[in-house]
Amino acid sequence: MKMTWKLLGAIGLIWAAQTTVLAEEIEIPSINPDEGRIGEVRRVADESEFKVCSDPDNMPYSNIKLEGFEDKIAKVLADDLGKKLTFQYAYNRQGFLRNTINAMRCDVIIGMTSDFDGLRTSKPYYRSGHVFVWRKDSNYDITNWDSPDLKKGIIGIVGQSPATIPLNDHNLMTNARPYRMQRDLNLPTSFMIDDLVAGKIDVAIMWAPIAGYFAKQSKVPLELRMIPEYNKVNLKGKEYWNISVAVRMKDKDRIKMINEALERNKDKIDAILKDYGIPTVPVVEGDSVYKK
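Residues numbered from 1 in each chain as written. Predicted model: local features only at pLDDT ≥ 70, side-chain atom pairs only at ≥ 80, totals over all residues. Heavy atoms only, no water.

(A) Focus on the overall build of the chain. Helices and strands together make up the secondary structure of the chain, namely seven helices and twelve strands. Going through the 292 residues of the chain one by one, you find that 54% of them count as buried. Look at the contacts in the chain between residues 6 or more apart in sequence, and 73% of them connect residues 24 or more apart. (Helix = DSSP H or I, 4+ residues; strand = E, 2+ residues; numbered from the N terminus. Buried < 20%, exposed > 50% of the residue type's maximum accessible area, 1.4 Å probe, protein only. Contact = heavy atoms within 4.5 Å.)

(B) Structural detail: helix α7 (residues 266-275). Looking at α7, one finds that the buried residues are Ile269, Ile272 and Leu273. Angularly, the buried residues of α7 cover 95° about the axis, an arc narrow enough to put them on a single face. Exposed positions of α7 whose direction lies more than 90 degrees from the buried face are Asp267, Lys268, Lys274 and Asp275. Looking at the buried residues of α7, the elements they touch are α1 (69-81), β7 (126-135) and α6 (252-264). (Arc of directions from axis to C-beta.)

(C) Expanded view of the packing of α1 against α7. Relative to each other, α1 and α7 sit at 165°, their axes nearing to 10 Å. What the angle tells us is that α1 and α7 run roughly antiparallel. For the pair α1 and α7, the crossing hand works out as right-handed. Here Phe69, Lys72, Ile73, Val76 and Leu77 of α1 come into contact with α7, specifically with Lys268, Ile269, Ile272 and Leu273. Of the residues in the contact of α1 with α7, the class split is seven nonpolar, no polar and two charged. (Axes fitted to C-alpha atoms, helices over the stretch in contact; angles between N-to-C directions. Parallel < 35°, antiparallel > 145°, perpendicular 65-115°, else oblique. Left-handed = near helix turned anticlockwise from the far one by under 90°. Nonpolar A, V, L, I, M, F, W, Y, C, P; charged D, E, K, R; others polar.)

(D) The nonpolar core, seen in detail. Ranked by size, the top nonpolar core spans 51 residues in total, and within it Phe50, Phe69, Ile73, Leu77, Ile110 and Tyr125 carry the most contacts. Non-local contacts of Ile73, meaning those with residues more than four positions away in its chain, are made with Ile110, Tyr125, Ile269, Ile272 and Leu273. Core analysis: the second largest hydrophobic core is formed by 15 residues, Phe132, Trp134, Ile142 and Leu150 among them. (Core = buried A, V, L, I, M, F, W, Y, C linked by side-chain atoms within 4.5 Å.)

(E) Looking closely at the packing of aromatic side chains. Inspection of the entire model under this criterion finds ten aromatic pairs. Ring centres of Phe132 and Trp145 lie 5.1 Å apart, and the angle between their planes is 75°; this geometry places the pair in the edge-to-face category. Here Phe132 is found in strand β7, whereas its partner Trp145 is found in the loop between β7 and β8 (155-158), with 13 residues between them in sequence. Of the residues examined, Trp145 reaches a relative accessible area of 5% and is grouped as buried. When the centroid spacing of 4.9 Å and the interplanar angle of 75° are considered together, the rings of Tyr213 and Phe214 count as edge-to-face. Given the relative accessible area of 12%, Phe214 is considered buried. In this structure an aromatic cluster arises from ring pairing among Tyr61, Phe69, Tyr125, Tyr126, Tyr213, Phe214 and Tyr276. Over the aromatic face of Trp241 sits the side chain of Lys238, whose NZ or CZ is 5.4 Å from the ring centroid. (Phe/Tyr/Trp six-rings, centres within 6.5 Å; stacked < 30°, edge-to-face > 60°. Lys NZ or Arg CZ within 6 Å of the ring centre and 35° of its normal.)

(F) Summary view of the packing of α1 against α6. The interhelical angle for the contact between α1 and α6, taken along N-to-C directions, is 110°, at an axis separation of 10 Å. Between α1 and α6, the crossing angle belongs to the class labelled roughly perpendicular. Across the interface between the two elements, Leu77, Asp80 and Leu81 from α1 touch Met257, Ala261, Leu262 and Arg264 from α6.

(G) A look at the environment of Pro221. Inspection of the secondary structure puts Pro221 in the loop between α5 (208-217) and β11 (222-226). Through-space distance from the C-alpha of Pro221 to that of Val197 is 8.7 Å; in sequence the pair is 24 residues apart. Those residues within four positions of Pro221 in sequence are excluded, and the remaining contacts are Arg135 and Lys136.

Nothing here speaks to function; it is all geometry.
This is how it looks when you write it as structure tokens:
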């Protein structure tokens, strides 16, 4: 998830990107690898733009067609601030921050864990966690890690993700089918839900925004339940995060404007999250590194 599902990826430097992309354009030219080097042109932030660092193929968050919920939130914020919405696209893998916001190719990340200390984060605008997901026709009833139904079948889980900690603590690792932490770009982002629907796994343990969106679209009825927080048992097993907008650490004025826009548009943003089936829980104060 960006320290959740989105930014836990750790392999590769593959990206597709564009320097300035208007909403109606769909082609993704490559980043100029020389941009920003000594002696080369370096972009200067244009204050008439609301330029977002985004993934071109990472639903439900974003895509090149602007169909993601972060795309919709970006438009709400840009419209409120009276700025032109543009994008810098790059696959959200290793090097994403280095090659986008930290290279001055864009100025705003719409979804970042609020406790990420490498960027200046806004006040949290939602909080989510991990979920158990299963097919409704299995008649499972899973409420926590001790639920007997968890032991009945194959559990899909992202390897090295925080949820593997309680899974191991409850001796369920032998039931696990691990998935790569960094998504194979040849697969749709719905790959784990697809396997659940196909019967290749019996329970999926996933980051809730991804699970909620694809479960809502599934033709096979699915049940979804939030996983109890585990960080008081083992801090590495933390299951929930506040989510914020992020900018470069020096951009105090920019984050001030964004905080004000988030506050003015809270109802619109909440409606977008609900429309996309994003499970949320109340923001926990003190579980952020909000930098004034």
